[in-house]
Structure formats: structure tokens, C-alpha cells
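Read off the chains here:
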Amino acid sequence: VAQAVNFYQNGLGMNVLRHSDDWAELACGVSGSGSTMPQSPQASFRLSIKAVASEAQLSVGYSPFLSFDVDDMDSTVARCAQMGGHLDGPLQYPANGKVATLRAPDGHMIGLYEPAI
């Protein structure tokens, strides 16, 4: 749980609401947080992380795909890599911006999107 909290907090700028050895709750969309997340109330959400012991519960092959809009793709990818994330293929440069896919340390897929200026 601690490694996942570190990744989502320091790599993606989410805010820790609650954290114990077995469980954590993080949020995005909080104004003035320095977060890479959109700041509008419509974009607010919470992410709960729970430690589990069963192999079936640890399976992340079909996990939800989390997607985040970021202001600076290069620095966000670098921060995520420092926190244990791994790119799942090269950065893509479609006409409407930059796109990256990475795996968080907990195995979940994360999508990053930086809109074109």
C-alpha cells in the first residue's frame, strides 16, 4: 500500500486523505494542490487502495484503466518512473497532443494525455 500511495501522490499529484498499513484513500481535483489533475469539481474522484492476501484479488490483468490529463508529459513520465512506474510502449504524438501508457507499481494501467497547445 505504501509504494502505491507514494506513486499516486508523488508521481501523479493525488492528495492522500487517509492512509494505514492496509488501506489508503487518495483524491484528485482539489484546488491549489499542485496536482497534475484537472481542478474542476466535475473531474474530482477518489481512489481507494487495499492490501490483499489472495492471489485472485492481486490479479490486475483486467484492472480499471485510469486516465489523467497532465500539463507536462515529460516531467510527469519522469516522476512516475522515479516512483516505480514503467512505460508500456513509446510516447505517442497524435495531432491533438501527447499520449503515454504506463503501469503503476501496483500493476494498474495508467493513461496520460497532454493536450496540444
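First, a word on scope: everything that follows refers to the structure included in this document. (Residues numbered from 1 in each chain as written. Predicted model: local features only at pLDDT ≥ 70, side-chain atom pairs only at ≥ 80, totals over all residues. Heavy atoms only, no water.)

**Regarding the environment of Cys80**
Thinking step 1. Among the structural elements, Cys80 can be located in helix 3 (residues 73-82).
Thinking step 2. For Cys80, a relative accessible area of 1% gives the class buried.
Thinking step 3. Along the chain, Cys80 and Leu102 lie 22 residues apart, while their C-alpha atoms are 8.6 Å from each other.
Thinking step 4. For Cys80, the residues in contact, after removing those within four places along its chain, are Phe7, Gly11, Leu12, Gly85 and Leu102. (Helix = DSSP H or I, 4+ residues; strand = E, 2+ residues; numbered from the N terminus. Buried < 20%, exposed > 50% of the residue type's maximum accessible area, 1.4 Å probe, protein only. Contact = heavy atoms within 4.5 Å.)

**Here we look at the packing of helix 1 (residues 2-11) against helix 3**
Thinking step 1. The contact between helix 1 and helix 3 brings their axes to 9 Å, and the two run at 160°. Taken together, the axes of helix 1 and helix 3 lie roughly antiparallel to each other. In the packing of helix 1 onto helix 3, the handedness of the crossing is right-handed. Contact residues: helix 1 offers Phe7, Asn10 and Gly11, while helix 3 offers Thr76, Arg79 and Cys80.
Thinking step 2. Counted by class, the contact of helix 1 with helix 3 contains two nonpolar, three polar and one charged residues. (Axes fitted to C-alpha atoms, helices over the stretch in contact; angles between N-to-C directions. Parallel < 35°, antiparallel > 145°, perpendicular 65-115°, else oblique. Left-handed = near helix turned anticlockwise from the far one by under 90°. Nonpolar A, V, L, I, M, F, W, Y, C, P; charged D, E, K, R; others polar.)

In short, the description is geometric, and any link to function would need to be established separately.
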